[in-house]
Amino acid sequence: MNLPEIVQHTQAYYCLDCGICTGSCPVSRVTPDFSPRLMVEKTLMEQEENPLEDVNIWSCLSCGQCSSRCPSKIDYPEFVRMVREEAVRQGKGGVPAHRGLFQTIMRLQTLDVKQSKTAWAREVGRVAETGDTYYFVGCAPFFDVEFHDDWGVDAMDGPKGVLKLLNAVGIEPVVHDDERCCGHDLLWNGDRENFAKLAARNVALIKKLGARRVVFQCPEGYLTFKKYYPEVVSDMNLEIVHFYELLQDKLQAGALSFEPFEGVLTYHDPCRLARQAGIIDAPRALLQGLPGIALREMEHNRESALCCGTSAWMNCSSCSKAIQKERLTEALAVGAETLVTACPKCRLHLNCALRDMEIDLKIRDMNELLAQHLKV
Amino acid sequence: MLAYSEVTEFSGQVGDFKVKVRKRPRYVDQSRCTACGACAEKCPTKVPNEFNFGLDDRKAIYKDYAQGIPSVYTIDPENCRVLKGQKCGVCAKVCQAKAVDYDQKESFVDLNVAAVIVSTGYELFDATQIPEYGYGKLPNVISSLEMERLLSAGGPTKGHLSRPSTVRGEVRLKDLAKLIKKAEKSEDPTELEALQAEQKRVEHQVHKYHTAKKLGFIQCVGSRDFRFHKYCSSYCCMHSIKEAIIAKEHEPATESFVFYMDLRTVGKGFEEYKVRGAKVSGLQYVRGRIAEIAQDEDLNPVVRYEDTEQRKVTTMTLDMVILANACSASRGIVKVADLLGLDLDDNNFVRTHPNRPLDTNVPGIFTCGCAQGPLDIPESVAQASSAAARAAETVMTGGQALAV
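1. Regarding the sheet that holds strand β10 (residues 141-143) of chain B
All names here are of chain B. With parallel pairing, five strands are arranged side by side in an open sheet as β10-β17-β11-β12-β13. Each edge of the open sheet is held by one strand with a lone partner, namely β10 and β13 (284-287). Each strand of the sheet is rotated relative to its neighbour by a mean of 25 degrees, with strand direction disregarded. Sheet topology note: the β10/strand β17 (residues 320-325) ladder contains three bridges and is parallel. Considered in β17, the bridge of S143 is made with L323.

Dropping the structure here:
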């Protein structure tokens, strides 16, 4: 799609030039050169400067804070995503984080590679070979390779917690070694071609295993399957369920209960889960299910939550770090001893900033925390 | 005039409408009440005053507001002790006109009319729908109508521009003084310490910010916003400028900032008024819609925005923020429209004929004021005269004069 078509598609011409997007943007807070408003304006004005050359298009976190407040309801992240696709088509790109390791892993998975990444599941709980419910584990096993030794953060805490909790409510999900990356990051890197390949492989696999519904703990995987897969895969016919909604129903029905939690805890809303998928109350209800918990809200919470600073393994910078530090400072300001998040990436990114800060705050995976407090 | 009443049945056609009106019981005989106010003075039940947005109290027997007509007191059955089955009866005792009647029942009036005018007004946009503005959570973020009450000599602060946190803080300080006296006698020192700490904090807030002097006016709150109302509410730019000018007249040290996207000062003398606001009253117009409002430890609202002319994202700490809430269609209009057979437009305002702007889809029913769309006061008054003339034509010709 060329730029005028992108403007038409996203209705960016409705822009009122009011500045709410830029005033809301976590990147603009730190980097004055970055302005969603001016990026749209440049495209609309067809100035001589080519918007595709603008490095800023790769700095957007696609957190959606701008769109959620935009009085013209312009889907700004979608605008950026499409501009990136066009830029990639013209041979341009952003700066991959972690030396491009994750992009390489993602693109490898579009091929016929043999993977082994489900052994943990058989050690932790019960899984099935075929069946009704597929548990989409996502990228955590790959994160584990990159981060475990460096930071001592076990990215597998989350999936392990999910499996324990699923088993506790009587679900033995299917997991599979052939599962591919959901493609979220490639999609947001502007590589739609490889995203579509990953989507096709995943849907074919899940269907082959006889599953009818897919359960996610990863907010990115959930949103990608729900919102973007139907664009590239015809007749998906899969029920896309977020783990917390499923678990909240079981909690209300009395199918599970938790041991007490002592201490002050705050919940960090992942942008994909809260602002973009609207799952805001379910994780809070689950945390409130832990007797004695003191759940406090940070200054920016729910649909106004601050981003974790970087997205799609790209353009991680000092700006990312500043955003992350601001977020952790917000947690401290409300007296939190523990910050939990529902997104494996938020957890890693915030932990990255924590390494440079001498503060007394624990960052934990929500699923691991819930599983640990499960009443047997 | 049938106030405190509603239409319950409606039938017929132009020249011959049959209307049944339910008169709600006031528990006060309207023909006897002289509005002397002795009842309200003695009534022991305090209720937050809706007209002043809870910034002060009214009694369970009350008048909605001083200038309301008919000038007659009303008992609020949800709060009156007698009507809730408890012991009281003070108002009946002190009423020299013997107007209080706890046994009053609702009554119905049947009317036969030739024409009807629907002028049900509007409602203030509920700003809690924009969570990033913190309305309802941050005490010193208020609506335009709350500002009107604060500026009014008959308002909760007698026209002194106190911050809501100060008004409520003063009430809290009185309560705290009592609680501290009680806690001094008790054995528990931790409770006393907590109360004294709160007292110190509230005293600081009340005294340091007694008068709101640095004001921020936020335009287009719910208007020109696809999430809520796409339309422009038309009057907010002018009332914000007006409120800022009056605030300056009350307190010369006032500094006001109007955060706008476009200042739509369309109307006779309006543009000149805007210029006067800047030149005479020193208002500063800042182009940029506010992104979010936070609060510092002294309960000062902190606005974050992009100054689009400077291309700069910045914050400003203010004493008080006044939202220019949009003009929303009243919630009750859907029921009224259903009863009368009226068409509403996409925004729930009464749909009118393009060439006859006060005619509804039903011959003989006219509309005016904010029931048909956002309007300021002079235009509403002009429309009211016009609607009355249209209705008079209909009445005098038995419905013949409808077609133009």
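2. Quick word on the interface of chain A and chain B
One widely used convention gives an interface's size as the accessible area the parts lose upon coming together. Each partner contributes to the interface: chain A provides 21 residues, whereas chain B provides 19 residues. Put simply, the parts of the chain that give the side of chain A that touches chain B at least two residues each are α2 (20-24) and α3 (26-30) of chain A. Looking at the side of chain A that touches chain B, the element that brings in the most residues is α2 of chain A, giving four residues. Per-class residue counts for the side of chain A that touches chain B are five nonpolar, eight polar and eight charged.

3. A short note on the sheet that holds strand β6 (residues 338-341) of chain A
Remark on secondary structure: sheet strands pair via backbone hydrogen bonds, oriented parallel or antiparallel. Residues and elements named next belong to chain A. Taken together, the four strands give an open sheet; going across it, the order is β5-β4-β6-β7, and neighbouring strands pair in parallel fashion. With one partner strand each, in any of the chains shown, β5 (294-296) and β7 (362-365) form the two edges of the open sheet. The mean inter-strand angle of the sheet, taken between neighbouring strand axes irrespective of direction, is 35 degrees. As defined by bridge partners, strand β4 (residues 264-268) adjoins β6 across four bridges and the pair is classed as parallel. Note on β6: the bridge partner recorded for Y267 is V340.

4. Concerning the domain arrangement of chain A
Residues and elements named next belong to chain A. One can read the domain layout of chain A as domain 1 (3-89), domain 2 (98-248) and domain 3 (256-372). Inter-centroid distance (C-alpha atoms) of domain 1 to domain 3 is 27 Å. The interface is formed by 12 residues belonging to domain 1 together with 13 residues belonging to domain 3. When residues of the side of domain 1 that touches domain 3 are traced back to their parent elements, those giving at least two are α3 and α5 (65-69). Looking at the side of domain 1 that touches domain 3, the element that brings in the most residues is α3, giving three residues. Across the side of domain 1 that touches domain 3, the residue classes tally to six nonpolar, six polar and no charged.

5. A closer look at unusual backbone geometry
Among all residues save glycine, negative phi is the norm, and among peptide bonds the norm is trans. Backbone torsion omega between I69 of chain B and P70 of chain B reads -5 degrees, so that peptide bond is classified as cis. Secondary-structure assignment places P70 of chain B in the loop between β5 (61-62) and β6 (74-75). At N315 of chain A, a position not held by glycine, the phi torsion is positive, near 50 degrees. Relative to the elements of secondary structure, N315 of chain A occurs in the loop between β5 and α17 (318-333). In this structure, K158 of chain B takes a positive phi of about 55 degrees despite not being glycine. By secondary structure assignment, the location of K158 of chain B is in the loop between α3 (144-151) and α4 (164-185).

6. Observations regarding the nonpolar core
Counting residues in each nonpolar core, the largest one holds 169 residues, and the members touching the most others are F79, Y135 and V214 of chain A together with V221, V321 and L323 of chain B. The contact partners of V221 of chain B, leaving out residues within four places of it in the chain, are F125, A127, I130, Y133, L323, A324, N325 and A326 of chain B. Counting 15 residues, the second-largest nonpolar core is a separate cluster that includes C33, C39, Y62 and A99 of chain B.

7. Quick word on the confidence of the model for chain B
For chain B, per-residue confidence averages 94 on the pLDDT scale, and residues scoring 70 or more make up 99% of the total. This complex was scored by the predictor with a pTM of 0.91 and an ipTM of 0.88.

8. A short note on the pairing of strand β15 (residues 301-307) of chain B
Residue and element names in this part refer to chain B. Bridge count between strand β14 (residues 290-295) and β15: five bridges; the pairing is antiparallel. The residue of β15 that forms the bridge with E292 is R304. Connecting β14 to the antiparallel partner β15 that follows it, the hairpin turn spans five residues, and L299 within it adopts a positive phi of roughly 65 degrees. Bridging between β15 and strand β16 (residues 312-317) involves six bridges; their strand directions are antiparallel. Note on β16: the bridge partner recorded for R304 is T315.

Rules used throughout
- Residues numbered from 1 in each chain as written.
- Chains lettered and ligands numbered in written order.
- Predicted model: local features only at pLDDT ≥ 70, side-chain atom pairs only at ≥ 80, totals over all residues.
- Pairing = 2+ DSSP bridges.
- Helix = DSSP H or I, 4+ residues; strand = E, 2+ residues; numbered from the N terminus.
- Axes fitted to C-alpha atoms, helices over the stretch in contact; angles between N-to-C directions.
- Contact = placed C-beta atoms within 7 Å.
- Nonpolar A, V, L, I, M, F, W, Y, C, P; charged D, E, K, R; others polar.
- Domains from an automatic or database assignment.
- Core = buried A, V, L, I, M, F, W, Y, C linked by C-beta atoms within 7 Å.
- Buried ≥ 20, exposed ≤ 12 C-beta atoms within 10 Å, placed from the backbone.
- pLDDT = per-residue confidence, 0-100.

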